[in-house]
Amino acid sequence: MTEKLNQILNEAKAEIAKAKSMLKLNEIRAFYTGKKSPLAEMMKNIASLTIEEKKTLGSASNKVKQEIELAISQKRNELENEEINAKLNAEAIDVTLPGYDLKNGSIHPINKVIEELEDIFIGMGYKIAEGPEVEIDVFNFEMLNVPKGHPARDMQDSFYINDNVLMRTQTSPVQVRTLLEANGKPVKIVCPGKVYRRDDDDATHSHQFMQLEGLVVDKNITMSDLKGTLSMLMKKMFGSERKIRFKPSYFPFTEPSVEVDVSCFKCGGKGCPMCKHTGWIEVLGAGMVHPNVLKGVGYDPNVWRGFAFGVGIERVTMLKYGIDDIRNFYTNDSRFLKQFEGER
Amino acid sequence: MIVSYNWLKELVKLNVPAEKLAEEMSLYSVEVESFKKLISATNLVVGYIKDIKEHENSDHLHVCQVNFGGYDLQIVCGAPNVAKGQKVIVAMPGATLPGGTIKKSVIRGVESNGMICSLQELGLEAKYVPLKFANGIYVLGDDAKVGSNALEYLCLDDYVIELGLTPNRMDLLSMKGVANDIKAMYNSELIDLDYTLHEVAKKTSDEIDVELATRNCYSYYARVVEDVTIKESPMFIKARLIASGIRPINNVVDITNYILMLFGQPLHSFDKDKLGHKIVVRRAEDGEQTITLDDITRTLNHSDIVITDGKKPVCIAGVMGSSNTEVSESTKNIVLESAVFRPLSIRKTSSRLGLRSEASIRYERGVDLNQSLDAINYACYLLEKYADGKVLKGYVHKGIEHVEDKEIIISEDYVASRLGIIIPESKIVSILQSLGFGVSLDKHNIIVKVPNRRLDISIKEDLLEEIARINGYDKLEETFPVTNTIGALTAIQHARRQARHTLSTLGFNEVVTYSLVSLNKAKMFTLKEDEENEVIVLNHPMSEDHMALRQSLLPSLIEVVRYHLARKMTDNMFYEIGKKYYQVKEETYEENLLSGIVTGATFKTLWQEPTKQVDFFIVKGLLDKLFRTLKITVKYLPFLDVPSELHPRRSAKIICNDKVIGFVGALHPKFAKTAEVSDSYVFEIFLDKVLQEEIPTTIYKAIPKVPAVERDLALVIDVKQNVGDIVEAIKKSDKMITNVDVFDLYMGDKLPENKKSVAIRITLSSDETLTEDIISSKIKRLLKTLEYRFNATLRS
């Protein structure tokens, strides 16, 4: 009997192994596990056996049945895998072909730098102020301590619209506007924006360019605060190793006035062509707000004081990215712009 | 201002090498623009030409035997003016000249041991070379010591420091002023000018009379020097003028220029025999004329100051003399003027006449009249010494004689509270004294007397700057303002940034273009409703291309596209955030715009499918994404009364809350052709109007528990019927309708003429299960409404 069982098992296994398709496998399964399977047939003829023998045979037969079913399920897995693999092979693609050209776009480098500067100052508690580009002479000059006939007006020949209105030559009139609006309260702002001067456009001049003005007015602002603030700015912009230095200068609306140098970020201050072998690069102008400016907007200079600074955005951007011609910013060649793709 | 290092050393005790001085002046005094050796040539020796012979193989070369004291050298020289007995400048073998290094050589078979030089060959600009030596070697004076350093003899062995003067530091427009600042920098001492004037008995006041008829002349000194000999100036005067960038002319002119550089006081010299005995300073008559030294007839007006002989102008005060009293080779007697005029008046005159001279620059910024007398006296001393002049006794003066020192009171506390560092009172006092200011103490007050030569100092803050810079800005600490404020972008600023980042993420390149454009461009793309807005035009533009302020960013964006098309870059997506400018009844306005342009292929699928060229709906889709980011809901309406630059049938007004907030459309083909661009789609969004819209806070709605149901309808409508209106109506018809999509549009044979079919997918969702009955009844009702409002029927 046992021999008979083994024979059935071996025959079944051989047939399963030979099966090439799921259909065939299903047939085999039906044949060996159905009601008329060889096992079932065999079990019909066991009446003559003892109870003990019946038990033994029953359990042996079940075991064989289980083994057959296991073999079938293994074979089914095998066949399924083969089928899927064949399908996958048929679906092969060349992953090195280019993807859809969903353009990246870019933010103009000038605005990138403005956003960067804004964020540095927002982090230090500054608000972003704005003002008109078509400005009145009173705000652009007079209230900034530059009366008519003042020699400083020579420094920045202007585009006038009429005797009293001009294209602002600096973002500084926003100082006046902000202080007038703040009406006697402390002020801590930066103001980015376009300014205009009568310059012929060349590699280093542009009749339109961008500045970022900074202004802090309170009762106990010191020049050391100015130095600390600008030092932080330069470290954030050009690296934590940077140092700054002040040099005497002149702006009508600040006193004292200074020119600010940052230690060269290319050579670290040793001297290289970028810093003209001085180790320092001139980046911005700054100073303590002139008492006449404070007086003009109703702040008593004996009580209030402040500092102000102005950054030339193009200059900083050119330094940061190594750009050698300011006209690149306004020609907007996409081969230039695309170099500033991405957000980091 | 160009400063001679040698000259400086005669005015202040100075142990600092020139290069270090230049470096430190930048930190403590004023910006240094350049520093260099006046003459970079080296190894130049005075030689004596003992003998000269013609070169055997040349028609122009000479073979010179040159003596250098202890030895002779043979040198070949090609200069036409070389001659026996001359003392000359020899560049010895090994010398470096701007033109190269001198080597021992053989010239056409003859040995030559150096080069006899012209001044130009030393690197001196031709304008400084006396005319007689313009085309040959320079011949030294008999007093030159053979074998000695030739540059030393020429007084050209010097360094020059060019200062980048700011408008306030008029005191640094003189050597004495610079010496003063350097004295303070190094806490050094000044060296006084040591001179004695030998006046003759004849009195100046008998020879000349001065009258001031205008208050624009503050002070006027006149002196007379007779019997002068006009000749070349001594070497040191010429050398110092050359170092200062001034061309030597003759002794009288050179001495007035020397005084100008030394004191910062412009002097003018008149030929006394041409001038007469009278000087009247007055304002010019309108239309009055005079011929200036440069032979140009100048027409004057009432704001000019003139020096006259009582009748006619003999000088435009502070700007330029007239030729009628010019000092010439034959001049014998001269009248010297040392005057101070009102700065603004000189500034007006010099800028109107386009005449800016060393004198006018100083007058414009302010000249210290306390030094006028000293300056004219020292000039007389030099004229006596170097022009053999007889200086008449005394001087004639009209106007203000002396300006008192200004008193300014500060304190240690004041300085500390402004600088944020403590500088002890004693240190403050010593800094102020080193600057030449008078200082006295009264309890905690420091009383400072500032002399008139520091016209730039008038308030406490000015003194603060002096103290801070001389003390050293490097001594400042690095602290932060104690002002506690919250920094943040405003909602509008934030939205503007979001718009920028969204468009850039969508594939647009941001540009920045000029606000000033041509008048023609400034008028483009203006809406019919903005017709009364006027263009803002500059009153003195630099060029026609930049004469007016734009009212749209699109002309500039189109120009950017034209630039790219001309360079075979056909697929372009650009945008700009910038302003439009206009005026209404003299009032000017500025508004923020966000504008863009798309040409060519927007999304290249490259090897997979045909490239998708831009069309209206691509741009509309991009804008929809932008608006969704900005959380604003917009409608697009047909834009028929377009500006002439737009396609009237392919443009839409963008509406938000019943306001026009921008437009989008194709360029008019005619306009595109003249603008030299291909088919382009543009948009302009009036950003201020958009961003001012209140954005309601998002209120959470529970997610429907039951899946949404979709129904497709094919509607037949009039060809001219806008699909947008129907979509809008469906959306509004029932709260359960959460989405409406258009997924097909058909026009053609299978429909009656003038009809189109539009396939619409409606999404309904609800918290309750939507039974077929509910849905059918809703659709039925909807169809009725659509039929009633739009004459829409279900396509069978």
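Along each chain, residue indices are assigned from 1 in the same order as the chain's sequence is written. Chain letters start at A and ligand numbers start at 1, both assigned in the order the entries are written. Local features in a predicted model are, by the rule used here, given only for residues with pLDDT of at least 70; side-chain atom pairs are given and counted only at 80 or more, and totals for whole chains, interfaces and linings are based on all residues. Side-chain measures were taken over the full set of non-hydrogen atoms in the model, leaving aside hydrogen atoms and water.

### Description of the overall build of chain B
Alright, step 1. Looking only at helices and strands, one finds 22 helices and 44 strands in chain B.
Alright, step 2. The globule rule puts the C-alpha radius of gyration for 796 residues at 28 Å, and the 42 Å found for chain B is more than 25% above it.
Alright, step 3. Along the first, second and third principal axes, the C-alpha atoms of chain B reach 130 × 85 × 60 Å.
Alright, step 4. Burial classes: relative accessible area under 20% of the type maximum marks a residue as buried, over 50% as exposed, and values in between as partly exposed (1.4 Å probe, protein chains only). By the burial criterion, 54% of the 796 residues in chain B qualify as buried.
Alright, step 5. Residues count as neighbours in contact if any of their non-hydrogen atoms are within 4.5 Å of one another. In chain B, the proportion of contacts linking residues at least 24 apart, taken out of those at least 6 apart, comes to 69%. Only DSSP runs of H or I reaching four residues or more are called helices, and only runs of E reaching two or more are called strands; each is numbered from the N terminus. It is over C-alpha atoms that the radius of gyration is taken, and the globule rule equals 2.2 Å times the number of residues to the power 0.38.

### Details of the overall build of chain A
Alright, step 1. When its secondary structure is counted, chain A shows 12 helices and 10 strands.
Alright, step 2. Projecting the C-alpha coordinates of chain A onto the three principal axes gives extents of approximately 135 × 45 × 45 Å.
Alright, step 3. Buried residues in chain A amount to 53% of all 344 residues.
Alright, step 4. Approximately 16,300 Å² of chain A is accessible, and the part contributed by carbon and sulfur atoms is 50%.
Alright, step 5. Under this rule, positive means Lys or Arg and negative means Asp or Glu; His and the chain ends count for nothing. Positions of charges follow a simple convention, taking NZ of Lys, CZ of Arg, CG of Asp or CD of Glu. Looking at charge distribution, chain A has the averaged site of its 47 positive side-chain charges lying 7 Å from that of its 48 negative ones. In these tables, accessible area is a Shrake-Rupley quantity obtained with a 1.4 Å probe, and a residue counts as shielded only by the protein chains included in the view.

### Describing the domain arrangement of chain B
Alright, step 1. Here the bounds of each domain stem from an automatic or database domain assignment. Domain boundaries assigned for chain B yield domain 1 (2-38 + 159-186), domain 2 (44-153), domain 3 (199-399), domain 4 (406-471), domain 5 (491-691) and domain 6 (709-794).
Alright, step 2. The C-alpha centroid of domain 6 of chain B is placed 34 Å from the C-alpha centroid of domain 5 of chain B.

### Side note on the nonpolar core
Alright, step 1. In terms of nonpolar packing, the biggest core is built from 161 residues, with F309(A) and I410(B) touching the most fellow members.
Alright, step 2. In terms of residue count, the dominant contributor to this core is helix α11 (residues 372-386) of chain B (nine residues).
Alright, step 3. One finds L506(B), F508(B), L623(B) and L630(B) within the second-largest nonpolar core, a separate group that totals 35 residues. Among buried residues, the Ala, Val, Leu, Ile, Met, Phe, Trp, Tyr and Cys ones that are joined through side-chain atoms within 4.5 Å form a nonpolar core.

### Topic: the pairing of strand β40 (residues 680-686) of chain B
Residue and element names in this part refer to chain B.
Alright, step 1. When you tally the buried positions in β40, you get seven out of seven residues, the bulk of the element.
Alright, step 2. Side chains S680, V682, E684 and F686 of β40 all project onto a buried face; the interleaved residues Y681, F683 and I685 project onto the opposite face, where all are buried too.
Alright, step 3. Any two strands with at least two DSSP bridges between them are considered paired. Where strand β34 (residues 587-599) lies against β40, seven bridges are found, and the strand directions are antiparallel. Its bridge partner being in β40, S595 is matched across the sheet by E684.

### Regarding the packing of helix α1 (residues 2-18) of chain A against helix α4 (residues 51-90) of chain A
Residue and element names in this part refer to chain A.
Alright, step 1. Axis geometry follows a simple rule: fit a line to the C-alpha atoms, using only the stretch in contact for helices, then measure angles between N-to-C directions, giving values from 0 to 180 degrees. The geometry of α1 relative to α4 is characterised by a closest axis approach of 10 Å and an angle of 5° between their N-to-C directions. Classed by the angle they form, the pair α1 and α4 counts as roughly parallel. Here α1 contributes L5, I8, L9, A12, K13, I16 and A17 to the contact with α4, which in turn contributes L57, A60, S61, V64, E67, I68, A71, I72 and K75.
Alright, step 2. Note on residue categories: nonpolar means Ala, Val, Leu, Ile, Met, Phe, Trp, Tyr, Cys or Pro, charged means Asp, Glu, Lys or Arg, and polar means any other residue, Gly included. Considering only residue class, the contact of α1 with α4 consists of 12 nonpolar, one polar and three charged. Angles below 35 degrees are treated as roughly parallel, those above 145 as roughly antiparallel, those between 65 and 115 as roughly perpendicular, and all remaining angles as oblique.

### Observations concerning the sheet that holds strand β39 (residues 659-667) of chain B
Residues and elements named next belong to chain B.
Alright, step 1. Reading across from one edge, β30-β33-β34-β40-β39-β38-β37 is the order of the seven strands in this open sheet, with mixed pairing throughout. Where the open sheet ends on each side, the last strands, each with one partner, are β30 (509-510) and β37 (635-638).
Alright, step 2. As paired strands, strand β33 (residues 572-584) and β34 are joined by 13 bridges and run antiparallel to one another. By the bridge assignment for β34, N572 is matched with T599.

### Here we look at the environment of K338(A)
Alright, step 1. By the secondary structure assignment, K338(A) is in the segment after α12 (334-337).
Alright, step 2. In contact with K338(A), not counting residues within four places along its chain, are S106(A) and N509(B).

### Points about the domain arrangement of chain A
Alright, step 1. Looking at the assigned domains, one finds that chain A contains domain 1 (2-90) and domain 2 (109-340).
Alright, step 2. Computed from C-alpha coordinates alone, the two centres of domain 1 of chain A and domain 2 of chain A are separated by 89 Å.

### Brief notes about the confidence of the model for chain B
Alright, step 1. Across chain B, pLDDT averages 93, with 100% of residues at or above 70.
Alright, step 2. Under the prediction, the complex receives an ipTM of 0.87, its pTM being 0.86. A residue's pLDDT is the predictor's confidence in that residue, given on a scale from 0 to 100.

### Let's talk about the interface of chain B and chain A
Alright, step 1. Contacts between the two partners involve 93 residues from chain B, matched on the other side by 94 residues from chain A.
Alright, step 2. When two components associate, each loses some accessible surface as probed by a 1.4 Å sphere; the sum of these losses over both components is called the buried area. Both faces considered, chain B and chain A share a buried interface measuring about 7,700 Å² in area, 53% of it formed by carbon and sulfur atoms.
Alright, step 3. Criterion for a salt bridge: a side-chain nitrogen of Lys or Arg within 4 Å of a carboxyl oxygen of Asp or Glu. For the interface between chain B and chain A, the tally reads five salt bridges.
Alright, step 4. The closest approach of N and O atoms between R497(B) and D119(A), which form a salt bridge, is 2.9 Å.
Alright, step 5. N or O atoms closer than or at 3.5 Å make up a polar contact, with two conditions inside protein: a donor-capable atom paired with an acceptor-capable one, and, for residues adjacent in sequence, both atoms drawn from side chains. Scanning the region where chain B abuts chain A turns up 42 residue pairs in polar contact (both at pLDDT 80 or more).
Alright, step 6. Element by element, the count of residues in the side of chain B that touches chain A is highest for β33(B), at nine residues.
Alright, step 7. Of the residues that constitute the side of chain B that touches chain A, the class distribution is 41 nonpolar, 28 polar and 24 charged.

### Quick notes on the packing of aromatic side chains
How two aromatic rings sit relative to each other is given by the distance of their centres and the angle of their planes.
Alright, step 1. Aromatic contacts are taken between Phe, Tyr and Trp rings whose centres are within 6.5 Å, Trp giving its six-membered ring; a plane angle under 30 degrees counts as stacked, one over 60 as edge-to-face, and the others as tilted. For the coordinates displayed, the defined rule picks out 33 aromatic pairs over all chains.
Alright, step 2. Here the aromatic residues F121(A), Y126(A), F307(A) and F309(A) are joined through ring pairs into a cluster of three or more.
Alright, step 3. When the ring centre of F743(B) is taken as reference, the NZ or CZ atom of R761(B) above it lies at 4.6 Å. Geometrically, a charge over a ring is one whose NZ (Lys) or CZ (Arg) sits within 6 Å of the ring centre while staying within 35 degrees of the ring normal.

### Describing the state of the cysteines
Note: disulfide means a covalent bond formed between the sulfur atoms of two cysteine side chains.
All names here are of chain A.
Alright, step 1. Any two cysteine sulfur atoms within 2.5 Å of one another count as a disulfide. Under the counting rule described, the total for this entry stands at zero disulfides over all chains.
Alright, step 2. No disulfide involves C264; its sulfur sits 3.6 Å from the nearest other cysteine sulfur, which is in C267.
Alright, step 3. The class for C267 is buried, based on a relative accessible area of 12%.

### Observations concerning helix α7 (residues 173-182) of chain A
Residues and elements named next belong to chain A.
Alright, step 1. Across the 10 residues of α7, seven count as buried, placing the element largely inside the fold.
Alright, step 2. If you check which residues of α7 are buried, you get P173, V174, Q175, V176, T178, L179 and A182.
Alright, step 3. Downstream of α7 by a residue or two, N183 has a phi angle that is positive, lying close to 50°.

### Describing the pattern of salt bridges
All names here are of chain A.
Alright, step 1. Under the definition given, this model contains 59 salt bridges over all chains.
Alright, step 2. When the shortest N-O distance is used, the salt bridge between K75 and E78 registers 3.3 Å. Taken as a pair, K75 and E78 lie in helix α4 at a separation of three residues, close to a single helical turn.
Alright, step 3. Between D261 and K247 there is a salt bridge whose closest N-O contact spans 3.3 Å.

### Some thoughts on the packing of helix α5 (residues 109-123) of chain A against helix α15 (residues 491-505) of chain B
Alright, step 1. Between α5(A) and α15(B), the least distance of the axes is 13 Å, while the angle of their chain directions is 140°. When the axis of α5(A) is compared with that of α15(B), the two are oblique. In terms of crossing hand, the pair formed by α5(A) and α15(B) is left-handed. Residues N111(A), E115(A), E118(A) and D119(A) of α5(A) form the contact with α15(B), whose own contacting residues are R497(B), R500(B) and H501(B).
Alright, step 2. Grouping the amino acids of the contact of α5(A) with α15(B) by side-chain chemistry returns no nonpolar, two polar and five charged. Two helices crossing with the near one rotated counterclockwise from the far one by less than a right angle form a left-handed crossing, whereas a clockwise rotation gives a right-handed crossing.

### As for the sheet that holds strand β27 (residues 406-411) of chain B
Residues and elements named next belong to chain B.
Alright, step 1. Pairing is antiparallel in the open sheet, where three strands are placed in the order β27-β29-β28. Either end of the sheet is taken by a strand with one partner, and the two such strands are β27 and β28 (438-442). For this sheet, the mean inter-axis angle between neighbouring strands, taken without regard to orientation, is 25°.
Alright, step 2. Relative to strand β29 (residues 445-450), β27 runs antiparallel, the two being bridged by six bridges. What sits directly across from I410, in β29, is I446.
Alright, step 3. Sitting on the sheet, helix α12 (residues 412-419) is in contact with β27 and β29, with an inclination near 70° to β27.

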